[in-house]
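Here's the letter readout for the chains.
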Amino acid sequence: MCEHVFVRWDNLKVDSEAVHTLPGYREPAAIRTFDAPEALDVRFYEVQAKSILNRVPKASRMPFRWTINPYRGCTHACSYCFARPTHTYLDFDAGRDFEREIVVKVNTPEVARAELMRPSWKREHVALGTNTDPYQWVEKKYELLPGVWEAMRDSRTPSSVLTKSPLLLRDIELFKQIPSFAANLSIPTLDEKAWRASEPHTPHPRKRIEAVAELNRAGIATGVLIAPLMPGINDSPQQVEEILELCAEAGAISIGGICLHLRGEVRDVFMDWLRSYRPDLVPRYEALYARGAYAPKAERERLSRLVRGGRRAMGLRRDPAGDPFDAEDAGMAAPPPEQASLF
C-alpha cells in the first residue's frame, strides 16, 4: 500500500470552485485554486486517470518505452517548451493556457502502483519529466511523486527523472531505495537575464547545480542537460563553459546539450517571446527555422562541438544511453545496473 495515499491531501485546504469536463475524461474535473504567489491566476483541474503508464511509440528515438506524466501543462512557463502543443488536445491553447490551466492526475500513485505490480509488467525503464516537469510548484501541494517512487521501488522498476526543480531533493531517500535510478537536471543557462526571460517561474539555475551536487553525494547517478541551446541567447562558449565547470565540480556523471527545436505551436509562442526579448535576433531565427522545426545541420553540429569540446576538457562524459530528445548529441544520466537490494 502506498505510504502517502492517506496523508498527501492534508495540505489541500482550498475548496473546489467549479467543475469542467475535459476532452478524453468522462468524469468532470474539479477546479482548484491556491492562495499562493506561485499560483496566482492559475487553475488546477483534478482528474482521475484510468491508466498512468504511457507507451512511447516504437518509431521514437527515446531510449525508453514508458513514461509517467502526473501533470499536463506547466507553471514554469518556459518560452521554448516542446510539450506546449499537447495542451491543444484538451481544447486549451499552447500559450497562456499551457501555463495557467494545469491538469492534475490526482490518482497517479494508486494507478501507478496497480500497473507496476501486475504480474505481466516486465520492469522496463519508466521515465518521468519527458513531457511537463513533475516537480513543478504544485507538486508541493499534491505530493504525487513519493507514491510513484514507492511503486517503482516495490516493483523493482528501473526509472529516471528529468526536472528543473531542486524539489526532487525531498524524495532523495526514496531514490536510494529504487534498485536502478538516475536523475537529470535541465540547466540551459546561468545568465540571469536569459533565465528570467525564457523560463520565468523556474527555480534558480544555481540551485539546480547545488541539487546535482547533493544527489551525487548521496550516490544518486545525476547528470545535466543544457537544453535548449538557443543561438545568440545562451550559446556563447563562455556561458557553456561556466555550466560545464560548475557541473564538473558538482560531480555530474554526464552532460549533454540540445539545440532548440520549434515544433507546431511552440514556434509561434517562442517567436512572439523573441520579438519582445531580442527583436534583433528575429531575422536570424526566421532563417534558421525557415525549413522546419530543426535548425540546419551545420548549426546543430556547431552546438554539439561546443558542448562536446568543453565536456572533454572537463573530464565529463556523454552517457551511452544518449539523449531522449535528440539522438545526435546530448547525454543524460542513465540508471545504473540493478544492484542487490533489500526492497
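These numbers come from a predicted model, not from an experiment.

Draft legend 1. Molecular detail of the pairing of strand β7 (residues 101-105). With respect to burial, β7 is a largely interior element, five of its five residues being buried. Neither face of β7 is open: one carries Glu101, Val103 and Lys105, the other Ile102 and Val104, and all of them are buried. In this structure, strand β3 (residues 43-47) lies alongside β7, joined through five bridges in parallel fashion. What sits directly across from Phe44, in β7, is Ile102. Alignment of strand β6 (residues 71-72) against β7, held across two bridges, turns out to be antiparallel. Residue Arg72 lies in a different strand from β7, and its bridge partner there is Val103.

Draft legend 2. Spatial organisation of the packing of aromatic side chains. All chains considered together, the criterion is met by 13 aromatic pairs. With a centroid separation of 5.9 Å and an interplanar angle of 90°, the aromatic rings of Phe34 and Tyr142 are classed as edge-to-face. Here the residue Phe34 occupies a position in the loop between β2 (29-32) and β3, and Tyr142 occupies one in helix α3 (residues 139-142), the gap between them amounting to 108 residues. Here Tyr142 falls in the buried class, since its relative accessible area comes to 0%. Taking 5.4 Å as the distance between ring centres and 55° as the angle between the ring planes, the aromatic pair formed by Tyr45 and Phe92 counts as tilted. Within this pair, whereas Tyr45 is found in strand β3, its partner Phe92 is found in the loop between β6 and α1 (96-100), the two being separated by 47 residues in sequence. Note on Tyr45: relative accessible area 1%, which makes it buried.

Draft legend 3. Spotlight on the pattern of salt bridges. For the coordinates displayed, the defined rule picks out 20 salt bridges. Here Glu173 makes a salt bridge to Lys176, at a shortest N to O gap of 3.1 Å. Of this pair, Glu173 and Lys176 both sit in helix α5 (residues 172-177), three residues apart, which is roughly one turn of that helix. Between Glu299 and Arg284 there is a salt bridge, with its nearest N and O atoms 3.8 Å apart. Here Arg284 lies in helix α10 (residues 282-288) and Glu299 lies in helix α11 (residues 297-314), a separation of 15 residues in the sequence. Given the relative accessible area of 11%, Glu299 is considered buried. Through salt bridges that share partners, Asp235, Arg284, Glu299 and Arg302 make up one connected network.

Draft legend 4. Inspection of the nonpolar core at higher detail. Core analysis: the largest hydrophobic core is formed by 72 residues, its most contacted members being Trp149, Phe270 and Tyr285. In terms of residue count, helix α9 (residues 265-277) provides more of this core than any other element does, six residues in total. Apart from residues no more than four positions distant in its own chain, Tyr285 is found in contact with Met230, Pro231, Ile233, Leu260, Phe270, Met271 and Leu274. Membership of the second largest hydrophobic core comes to 13 residues, among which are Val42, Val104, Val106 and Val138.

Draft legend 5. How the structure looks around the confidence of the model for the chain. Overall, the prediction assigns the chain a mean pLDDT of 89, with 86% of residues at 70 or greater. The low-confidence segment residues 319-330 (pLDDT under 50) makes 48 contacts with residues lying over four places distant or belonging to another chain. In this model residues 339-343 is a low-confidence stretch, pLDDT under 50, and it forms seven contacts with partners more than four residues away in sequence or in other chains.

Definitions and cut-offs
Residues numbered from 1 in each chain as written. Predicted model: local features only at pLDDT ≥ 70, side-chain atom pairs only at ≥ 80, totals over all residues. Heavy atoms only, no water. Buried < 20%, exposed > 50% of the residue type's maximum accessible area, 1.4 Å probe, protein only. Helix = DSSP H or I, 4+ residues; strand = E, 2+ residues; numbered from the N terminus. Pairing = 2+ DSSP bridges. Phe/Tyr/Trp six-rings, centres within 6.5 Å; stacked < 30°, edge-to-face > 60°. Salt bridge = Lys/Arg side-chain N within 4 Å of Asp/Glu carboxyl O. Core = buried A, V, L, I, M, F, W, Y, C linked by side-chain atoms within 4.5 Å. Contact = heavy atoms within 4.5 Å. pLDDT = per-residue confidence, 0-100.

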